[in-house]
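Fold and contact review
Listed below, chain by chain, are the residues.
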Amino acid sequence: MTVLSIKNVSKRFGGVLAVDDLDLTVDKGEIVGLIGPNGSGKSTTINLICGVFPMDKGSIKLFDNDLKGLARYERSHLGIARTYQNIRLFGGLTVWQNVWIATRQNGIGSFAKKLGALFLRSQKSVEAVDELLDLFALQNKANIAAENLSFGEQRRLELARALASEPKLLLLDEPAAGMNSEEVQELRDRIFKVRDLGISVLLVEHVMELVMNVTDRINVLNFGKKIAEGKPNAIQGNALVQEAYFGS
Amino acid sequence: MEYYFGILQTLGFHVLLGYSAYILLLTGQLSLAQVGFFAIGAYASGILTVLFEWHIFPALFIGAIAAGCMAFMVGFPALRIKGLMLVIATIAFSEIVRLIFFNLRWRFEINGLEVGPDGAQGFREIRYFAANGWEIYEIVWLIWTMVAVATILLWWLDQIKAGAILRAIGSDELAAESSGINVTSVKIVAMACGGVIAGLSGGLYAHSTTYVDHNTFTVLLATFAVSYPLVGGLKSVFGTLAAVIFIQGILIEGLRFLGDYRTILFGALIILVMNFKPKGIVDENFVKGISEYLRLNKKLIK
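The rules behind these values
- Residues numbered from 1 in each chain as written.
- Chains lettered and ligands numbered in written order.
- Predicted model: local features only at pLDDT ≥ 70, side-chain atom pairs only at ≥ 80, totals over all residues.
- Heavy atoms only, no water.
- Helix = DSSP H or I, 4+ residues; strand = E, 2+ residues; numbered from the N terminus.
- Rg over C-alpha atoms; globule rule 2.2 N^0.38 Å.
- Contact = heavy atoms within 4.5 Å.
- Areas by Shrake-Rupley, 256 points an atom, 1.4 Å probe, with all protein chains shown as cover.
- Lys, Arg positive; Asp, Glu negative; His and termini not counted.
- Charge placed at Lys NZ, Arg CZ, Asp CG, Glu CD.
- Buried area = accessible area lost by both parts, 1.4 Å probe.
- Salt bridge = Lys/Arg side-chain N within 4 Å of Asp/Glu carboxyl O.
- Polar contact = N/O pair within 3.5 Å; in protein donor to acceptor, adjacent residues only side chain to side chain.
- Buried < 20%, exposed > 50% of the residue type's maximum accessible area, 1.4 Å probe, protein only.
- Patch = residues over 30% accessible without salt bridge, like charges linked within 9 Å, V, L, I, M, F, W, Y side chains within 5 Å.
- Domains from an automatic or database assignment.
- Pairing = 2+ DSSP bridges.
- Axes fitted to C-alpha atoms, helices over the stretch in contact; angles between N-to-C directions.
- Parallel < 35°, antiparallel > 145°, perpendicular 65-115°, else oblique.
- Nonpolar A, V, L, I, M, F, W, Y, C, P; charged D, E, K, R; others polar.
- Expected span 1.5 Å × (residues − 1).
- Arc of directions from axis to C-beta.
- Core = buried A, V, L, I, M, F, W, Y, C linked by side-chain atoms within 4.5 Å.

Details of the overall build of chain B
Summing up its helical and strand segments, chain B has 13 helices and two strands in all. Taken against the 2.2 N^0.38 rule, which gives 19 Å for 302 residues, the C-alpha radius of gyration of chain B at 20 Å falls within 12% of a compact globule. With the principal axes as the frame, chain B shows a C-alpha extent of 65 × 50 × 35 Å. Within chain B, contacts between residues at least 6 apart in sequence are counted, and of these 74% link residues at least 24 apart. Carbon and sulfur atoms make up 69% of the accessible area of chain B, which totals about 14,000 Å². Treating the 20 positive side-chain charges of chain B as one cloud and the 19 negative ones as another, the clouds have centres 12 Å apart.

Description of the interface of chain A and chain B
Taken together, the 28 residues of chain A in the interface contact 24 residues of chain B. Carbon and sulfur atoms make up 56% of the area that chain A and chain B hide from each other, which totals about 2,300 Å². Ranking the residues of chain A by area buried against chain B places Arg72, Tyr73 and Phe90 of chain A at the top, with a combined share of 24%. Summed over the shared surface of chain A and chain B, the result is three salt bridges. With a closest N to O distance of 3.7 Å, Glu147 of chain A and Lys279 of chain B form a salt bridge. At the surface where chain A touches chain B, the tally comes to nine residue pairs in polar contact (both at pLDDT 80 or more).

Things to note about helix α1 (residues 42-50) of chain A
Residue and element names in this part refer to chain A. The buried fraction of α1 is high, at eight of nine residues. Among the residues of α1, those classed as buried are Lys42, Thr44, Thr45, Ile46, Asn47, Leu48, Ile49 and Cys50. Of the residues one or two after α1, Gly51 is the one with positive phi, at around 80°.

Notes on a nonpolar patch on the surface
Side chains of Phe111, Leu115, Phe119 and Leu120 of chain A together with Val149, Leu153, Trp155, Trp156 and Phe238 of chain B sit close together on the surface and give an oily, nonpolar patch of about 940 Å² of accessible area. Contributions of two or more residues to the nonpolar patch are made by α4 (111-119) of chain A together with α6 (136-157) of chain B. Of the residues forming the nonpolar patch, the biggest block, four residues, is contributed by α6 of chain B. Mapping Phe111 of chain A onto the fold places it in helix α4.

Let's talk about the domain arrangement of chain A
Residues and elements named next belong to chain A. Domain boundaries assigned for chain A yield domain 1 (1-79 + 167-248) and domain 2 (88-166). Using C-alpha coordinates to define each centre, domain 1 is positioned 25 Å away from domain 2. Domain 1 puts 16 residues into the contact, and the matching count from domain 2 is 15 residues. On the domain 1 side of the contact with domain 2, His77, Pro167 and Arg190 bury the most area, a combined 42% of that side's loss. One can count zero salt bridges joining domain 1 with domain 2. At the boundary of domain 1 and domain 2, one finds one residue pair in polar contact (both at pLDDT 80 or more). For the side of domain 1 that touches domain 2, the secondary-structure elements that each account for two or more residues are α2 (72-78), β7 (169-173) and α7 (181-196). For the side of domain 1 that touches domain 2, the element with the highest residue contribution is α7, accounting for four residues.

So, the sheet that holds strand β6 (residues 80-82) of chain A
By definition, the strands of a sheet pair up through backbone hydrogen bonds, in either a parallel or an antiparallel sense. Residues and elements named next belong to chain A. Strand order in the open sheet made by the six strands is β6-β7-β8-β3-β9-β10, with mixed pairing throughout. Since the sheet does not close on itself, it has two edges, and those belong to β6 and β10 (225-230), each with one partner. Looking at each pair of strands side by side, their axes are set apart by 20° on average, direction ignored. Bridge analysis of strand β3 (residues 31-35) against strand β9 (residues 217-222) gives four bridges, and the strand direction is parallel.

Side note on the packing of helix α3 (residues 95-102) of chain A against helix α7 (residues 161-171) of chain B
Remark: α3 of chain A packs on α7 of chain B, axes separated minimally by 10 Å, with the N-to-C direction vectors making an angle of 95°. Between α3 of chain A and α7 of chain B, the interaxial angle falls into the category roughly perpendicular. For the pair formed by α3 of chain A and α7 of chain B, the contact residues are Gln97, Trp100 and Ile101 of chain A on the first element and Lys161, Ala164, Ile165 and Ala168 of chain B on the second. When grouped by side-chain class, the residues that make up the contact of α3 of chain A with α7 of chain B number five nonpolar, one polar and one charged.

A short note on helix α12 (residues 261-276) of chain B
Note that an α-helix has 3.6 residues per turn; residues three or four places apart therefore point the same way. All names here are of chain B. Between the first and last C-alpha of α12 there are 22 Å, a value that for 16 residues agrees with the 22 Å anticipated at 1.5 Å per step. Looking only at α12, the buried set comprises Arg262, Phe266, Leu269 and Val273. Looking straight down α12, one finds its buried side chains confined to an arc of 60°; they lie on one side. Residues of α12 that are exposed and angled more than 90 degrees away from the buried face: Tyr261, Ile264, Ile271 and Asn275. On its buried side, α12 packs onto α10 (219-232) and α11 (237-254).

Examining the nonpolar core
With 131 residues, the main nonpolar core has Leu170 of chain A together with Tyr19, Val212 and Ile247 of chain B as its most contacted residues. Examining the composition of this core, we find that twelve residues originate from one element, helix α1 (residues 2-26) of chain B, more than from any other. Not counting residues up to four positions away in its chain, the partners in contact with Val212 of chain B are Ala42, Tyr43, Gly122, Phe123, Ile126, Tyr205, Ala206 and Phe217 of chain B. Formed by 24 residues, the second largest nonpolar core is a distinct cluster that contains Ile6, Val9, Leu24 and Cys50 of chain A.

Things to note about unusual backbone geometry
With a phi close to 50°, Phe63 of chain A is a non-glycine residue in the positive phi region. Looking at the element boundaries, Phe63 of chain A is found in the loop between β4 (57-62) and β5 (65-66).

Structure (structure tokens):
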């Protein structure tokens, strides 16, 4: 089953065609990599899926829902969650609150249910938050302000917050940036755990150690165009890809 | 004694006005429209008790709701813009409100006396309290009950998800929206709540002073309103309360002999706070310090 399907999507910023006629799909339970040199349109693609800015043409669908014209929070309700290249947490709030805010009761269901979620701490949401903090080894930091966490912890918290909204599709924008080899291993294990929860993952990443070991399929972008798609080991041997990265 | 009751009244209006700006500042919006809502509350409830001879409580209630509805309507266009533009737009709104009341003349005879707003002359006959035999301490009691209720509600806000959502928006709008929060509607609701509190404050003000005119509702008052939460810090609602007592109680009332120079001191205070305590006086370290101090005292007593 296709979770995300992107068809003929283009986005122009002034004179630069950031994304050029892109086709991309993510299937259920799949971890798809999106790689390419700097400025090849990877982050733009993620931003288009989240609705940070509108696309010029083409269509993006989550299952059967056309995302065109939907606000960012509506896309989140449909099941898209993301992390950011530059960490964006709610710095003044505690670790626990950061995750709590994204829990799904907020904005889903009947009006009374929505209203209730604003005033009451439902047992279900408390359990969901605690579970996520456990999964990301943040339980002992629960009451610390997010801005006082270390870099690695902030990255983990961002992932926990993204999962709190019970997404169908998780977009990871360079989650391994600045991590050492051991941390990359941990991240890989966590991404597998996310997949085991039934969530599809689209991973934008420069760290090849992660991309080659975690993804089922890789798409390679260069100057906004898709130049290759395939299994990790096939991509490694692809001449076009090598040219894009290292020059001919 | 009268004098001190007078000061307590003034502090009460300013605390509520500060709270109305505090709610919006939690979402990261700096609004100078609070004085406009304050004016609407003052005139609306004044007109109801004077011209329609209502009881004070429904009049205050309708005044607050009227200001809240106005805030709700202003919220739609105003909260699509940000930063400096929002500041300018809200100043413009407050000036429009002020000029409407400057030109509002709606007088007719009640019990053989012509009463009502009289344009540039102001609205002079809001004598509900005197006419119904309220003692001054009863008025102070009413005002501070309202302040206490508002303080408790705003404190409670920080214990529930709604408060966390407001602060999340103030911290990072994009991340908040991508986490599934409808940022625009939350901001508009915050604006409306701020409008209700400012309108309530205006109604209390009008009835306590018995007289309002357009000169009260200037940009200076709007600046005071936003300066309380900024000086006091957004960490907790008590920061705003402390800032009002400090600025209005000590700086403005205590140093009365300095005359208009106090406004310069107010300006200097804002500059000092912005430079040395950008998160306000009641920031994290302050809260930590106080709680450690209290813990220390407990130990000593034991």
